[in-house]
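# Tertiary structure, described
Letter by letter, the chains look like this.
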Amino acid sequence: MDLKRASHLFFALTMIAIGLIGLIGGGFAPIWRPVPEGAPARDLLADLSSLISLGCGAGLLVRRTASPAALILFAFLAVWTLAFKFPFIVDAPLVEGSYQSNGENWVLIAAAWVLQAELSNGRGILASDLCRRLAYGLYGLALIAFGLSHFFYLELPAPLVPAWLPGPVLWAYPTGPHYTMCGLALLIGLAPRAVALRAAVHITLITLLVWGPIVAAGQLSAMHWQETIVSWALTAGAWVLASGSPPATGWRRHSSP
């Protein structure tokens with residue numbers, strides 16, 4: 001199995017797992033939070049979000065339904081983010097956490113977007129060069145938001161660095177610049193395939209080295225559970241983007257001699 005197929009399978013199984021988590025837990029799975037307590041039909045929205053995750057994840061496993069499943073997941077994630085995450089930016093545009101929260105959804109939107117473009121065999125508006133550039137640009141914005149969060153909230157990630165690594169702050173500091181540089185590179189179309197791969201490896205290492213030991217130790221608080229599932233989902237999305245097909249020239253086009 002090549003990297004592309006493996007990443008698609010990983011993403012599909014992740015969506016299925018998130019759907020089951022929501023249905024079994026009887027509420028919103030971590031990637032769909034937060035939803036205001038007073039939101040209309042809140043319980044129905046919780047069930048719908050879980051069913052969308054489960055159904056689309058299962059649909060991605062079947063060749064005939066994979067492309068429409070990716071399209072439905074993309075559309076649902078986009079609408080959900082506009083309805084429940086983007087208001088954070090509107091209400092607090094100078095608070096970095098507003099962009100960090102939205103960035104988590106932007107990664108998943110970009111992953112579903114690229115997945116649908118590839119599964120449709122290049123047909124449809126989402127598969128155009130422009131749309132694929134926009135998808136990787138959205139991913140770039142998410143990485144920049146992640147990078148800035150490590151500058152603004154360094155006191156949060158530093159304690160999560162494994163104890164066997166010396167100098168937790170020293171390990172937390174490089175993460176911000178790395179995410180930020182990867183995000184900027186994707187925005188300008190600089191080696192998008194290589195940059196997306198670097199970002200995927202970085203996100204994977206954080207999931208394994210930070211959240212893995214906490215899960216293994218059985219020390220999951222509600223916050224830890226939330227962040228572990230979100231990090232897992234981001235890892236799955238990052239590998240879809242790393243194994244995807246960004247336009248070869250990125251945002252820049254070379255003129256013919």
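A brief structural summary.

Definitions and limits used
- Residues numbered from 1 in each chain as written.
- Predicted model: local features only at pLDDT ≥ 70, side-chain atom pairs only at ≥ 80, totals over all residues.
- Heavy atoms only, no water.
- Helix = DSSP H or I, 4+ residues; strand = E, 2+ residues; numbered from the N terminus.
- Buried < 20%, exposed > 50% of the residue type's maximum accessible area, 1.4 Å probe, protein only.
- Contact = heavy atoms within 4.5 Å.
- Areas by Shrake-Rupley, 256 points an atom, 1.4 Å probe, with all protein chains shown as cover.
- Phe/Tyr/Trp six-rings, centres within 6.5 Å; stacked < 30°, edge-to-face > 60°.
- Axes fitted to C-alpha atoms, helices over the stretch in contact; angles between N-to-C directions.
- Parallel < 35°, antiparallel > 145°, perpendicular 65-115°, else oblique.
- Left-handed = near helix turned anticlockwise from the far one by under 90°.
- Nonpolar A, V, L, I, M, F, W, Y, C, P; charged D, E, K, R; others polar.
- Expected span 1.5 Å × (residues − 1).
- Bend = angle between axes of the 7 residues up to and from the residue.
- Patch = residues over 30% accessible without salt bridge, like charges linked within 9 Å, V, L, I, M, F, W, Y side chains within 5 Å.
- Salt bridge = Lys/Arg side-chain N within 4 Å of Asp/Glu carboxyl O.
- Core = buried A, V, L, I, M, F, W, Y, C linked by side-chain atoms within 4.5 Å.

## Looking at the overall build of the protein
Counting its regular elements, the protein contains 8 helices and 0 strands. Order of helices (α) and strands (β) in the protein, N terminus to C terminus: α-α-α-α-α-α-α-α. Every one of the 257 residues in the protein was classed for burial, and the buried ones make up 51%. Considering only residue pairs separated by 6 or more positions, the protein has 74% of its internal contacts joining residues 24 or more positions apart. In the structure as shown, the protein presents an accessible area of about 12,500 Å², 71% of it carried by carbon and sulfur atoms.

## A word on the packing of aromatic side chains
This structure, assessed with the given rule, holds 7 aromatic pairs. Summarising the aromatic geometry, the rings of Phe76 and Trp80 are spaced 5.6 Å apart at their centres and angled 35 degrees between planes, so their arrangement reads as tilted. Highlighted residues: Phe76 and Trp80, both in helix H3 (residues 63-91), separated by 4 residues, approximately one helical turn. For Trp80, a relative accessible area of 4% translates into the label buried.

## Observations concerning the packing of helix H2 (residues 42-60) against H3
Interaxial distance between H2 and H3 falls to 8 Å at its minimum, and their mutual angle equals 150 degrees. When the axes of H2 and H3 are compared, the pair comes out roughly antiparallel. In this structure, H2 crosses over H3, and the sense of that crossing is left-handed. Between H2, through Leu45, Leu48, Ser49, Ile52, Cys56, Gly59 and Leu60, and H3, the contact on the second element is made entirely by Thr65, Ala66, Ala69, Ala70, Ile72, Leu73, Phe76, Trp80 and Phe84. Considered class by class, the residues forming the contact of H2 with H3 number 13 nonpolar, 3 polar and no charged.

## Comments concerning the packing of helix H4 (residues 96-119) against helix H8 (residues 222-242)
Close contact between H4 and H8 brings their axes to 9 Å; oriented N to C, the two are set at 35 degrees. Along this stretch, H4 crosses H8, giving a crossing that reads as left-handed. Across the interface between the two elements, Glu104, Val107, Leu108, Ala110, Ala111, Val114 and Leu115 of H4 pack against Glu227, Val230, Ala233, Leu234, Gly237, Ala238, Val240 and Leu241 of H8.

## Concerning H3
The terminal C-alpha atoms of H3 lie 42 Å apart, and with 29 residues this matches the ideal 42 Å at 1.5 Å per residue to within 8%. Remark: the principal bend of H3, roughly 45 degrees, maps to Leu82.

## Focus: a nonpolar patch on the surface
A contiguous nonpolar surface patch, about 490 Å² in accessible area, is contributed by Leu3, Leu197, Val201, Leu205, Leu208 and Leu209. At 5 residues, the largest contribution of residues to the nonpolar patch is made by helix H7 (residues 192-216).

## Topic: the nonpolar core
Core analysis: the largest hydrophobic core is formed by 62 residues, its most contacted members being Phe11, Trp32, Tyr139 and Leu143. Elements with a contribution of two residues or more to this core: helix H1 (3-25), H2, H3, H4, helix H5 (129-152), helix H6 (168-188), H7 and H8. When residues no more than four places from it in sequence are discounted, the contact partners of Tyr139 are Val107, Ala110, Leu186, Ala196, Ala199, Ala200, Ile203, Ala238 and Leu241.

## Points about unusual backbone geometry
With an omega of -5 degrees, the peptide bond between Arg33 and Pro34 qualifies as cis. Relative to the assigned elements, Pro34 resides in the loop between H1 and H2. A positive phi angle is found at Ala41, which is not glycine, with a value near 50 degrees. By secondary structure assignment, the location of Ala41 is in the loop between H1 and H2. The backbone of Ala191 shows a phi angle near 45 degrees, a positive value even though the residue is not glycine.

## Overview of the side chain of Ser53
Position of Ser53 relative to the elements: it lies in helix H2. The contact partners of Ser53, leaving out residues within four places of it in the chain, are Met15, Ile16, Ile18, Gly19 and Trp32.

## Some details on H1
With 23 residues, H1 extends 32 Å from end C-alpha to end C-alpha; this agrees with the ideal 33 Å at 1.5 Å per step. Buried residues along H1 sit in contact with H2, H3, H4 and H8. Count one or two residues on from H1 and you reach Gly26, which has phi positive near 70 degrees.

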